[in-house]
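Next come the chains, spelled out residue by residue.
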Amino acid sequence: LGNSLKHLGKYDEAIESFNKALKLIPKSIEVHTNFALVYFQMKEYDKALSILNGIIENHNPINKSSIYSVYGHIYKELHNSQKAEEYFLKSLDTSNPQSSDVNTGLANIYLYQRKYDKALKRCEEAFRNSPLPEETYSNYIMTHAYIANKNYEEIFKKTKELANKINYKHIPMNYKKSNKNKKIRVGFISGDFYEHALSFFLLKPLSFFNDDEFLSIAYYNHYIEDRITKKLKEKFRKWRDIVGLST
């Protein structure tokens, strides 16, 4: 019940449900970790960490693996890449070294640290062992874009190969008739919306963007936020932070 309420976004009710569950099974690793994930989704990371800190010493290595994984995701959201990497690696050491979720977390950390070769290897591990590999393809393809010494023909070939593996049957194909009065959406995706050459190039053109006819949307795929990031946020009509997200 707690998990169902959590997935529905009814966090207060989920917390109440998990508190009741803990009265019945106070030592349950599953209840504690899912309880921590409620606070994680609420972005109340201190409370999530408090729950994990209270149970970490009292469980065997297999149970600790799932706890370490949650630690890793929390520290990733707190932009503490060193701690996140430490706990993700602990999770792999204490249980399944092929864990798709943990390898995806590590790939995102290495992308943030600009360790692109390491990120690529973790992406490969993630989709090789994932029950839903399609969800990890985008990270793999994105990582290729950051590697300096790239073979574009090989990247295109690999991207096409992965695209052909995606099952599109679950994607609804209900197209709506376009509204002539609706603005045309123009999306800009980048991991360089900070003090970077690309951003300095973008600032002036965005000032002349026709907001009456177009809706400019930024999709930012990095953690760094500086004075240039703030300026760009003022220029775009909408801003989306997508770092760490998968398809």
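This text follows the structure it describes.
Another point: the overall build of the protein chain. When its secondary structure is counted, the protein chain shows twelve helices and three strands. Every one of the 247 residues in the protein chain was classed for burial, and the buried ones make up 40%. Looking at the protein chain alone, contacts between residues at least 24 apart form 53% of all its contacts between residues at least 6 apart. If you sum the accessible surface of the protein chain, you get close to 15,400 Å²; carbon and sulfur atoms cover 52% of it.

Of all the residues in helix H4 (residues 45–53), the buried ones are Tyr45, Ala48, Leu49, Ile51 and Leu52. One side of H4 carries all its buried residues, which in axial view fall inside an arc of 155 degrees.

When you line up the elements, Asp226 lands in the loop between strand E2 (214–220) and helix H12 (227–235). Among buried Asp, Glu, Lys and Arg side chains, Asp226 stands out as unpaired, with Arg227 the closest opposite charge at 6.5 Å. At 2.9 Å, the side chain of Asp226 and the backbone nitrogen of Glu195 are in polar contact. Here Asp226 is in contact with Tyr194 and Glu195, once residues within four sequence places are set aside.

Rules of the game
Residues numbered from 1 in each chain as written. Predicted model: local features only at pLDDT ≥ 70, side-chain atom pairs only at ≥ 80, totals over all residues. Heavy atoms only, no water. Helix = DSSP H or I, 4+ residues; strand = E, 2+ residues; numbered from the N terminus. Buried < 20%, exposed > 50% of the residue type's maximum accessible area, 1.4 Å probe, protein only. Contact = heavy atoms within 4.5 Å. Areas by Shrake-Rupley, 256 points an atom, 1.4 Å probe, with all protein chains shown as cover. Arc of directions from axis to C-beta. Lys, Arg positive; Asp, Glu negative; His and termini not counted. Salt bridge = Lys/Arg side-chain N within 4 Å of Asp/Glu carboxyl O. Polar contact = N/O pair within 3.5 Å; in protein donor to acceptor, adjacent residues only side chain to side chain.

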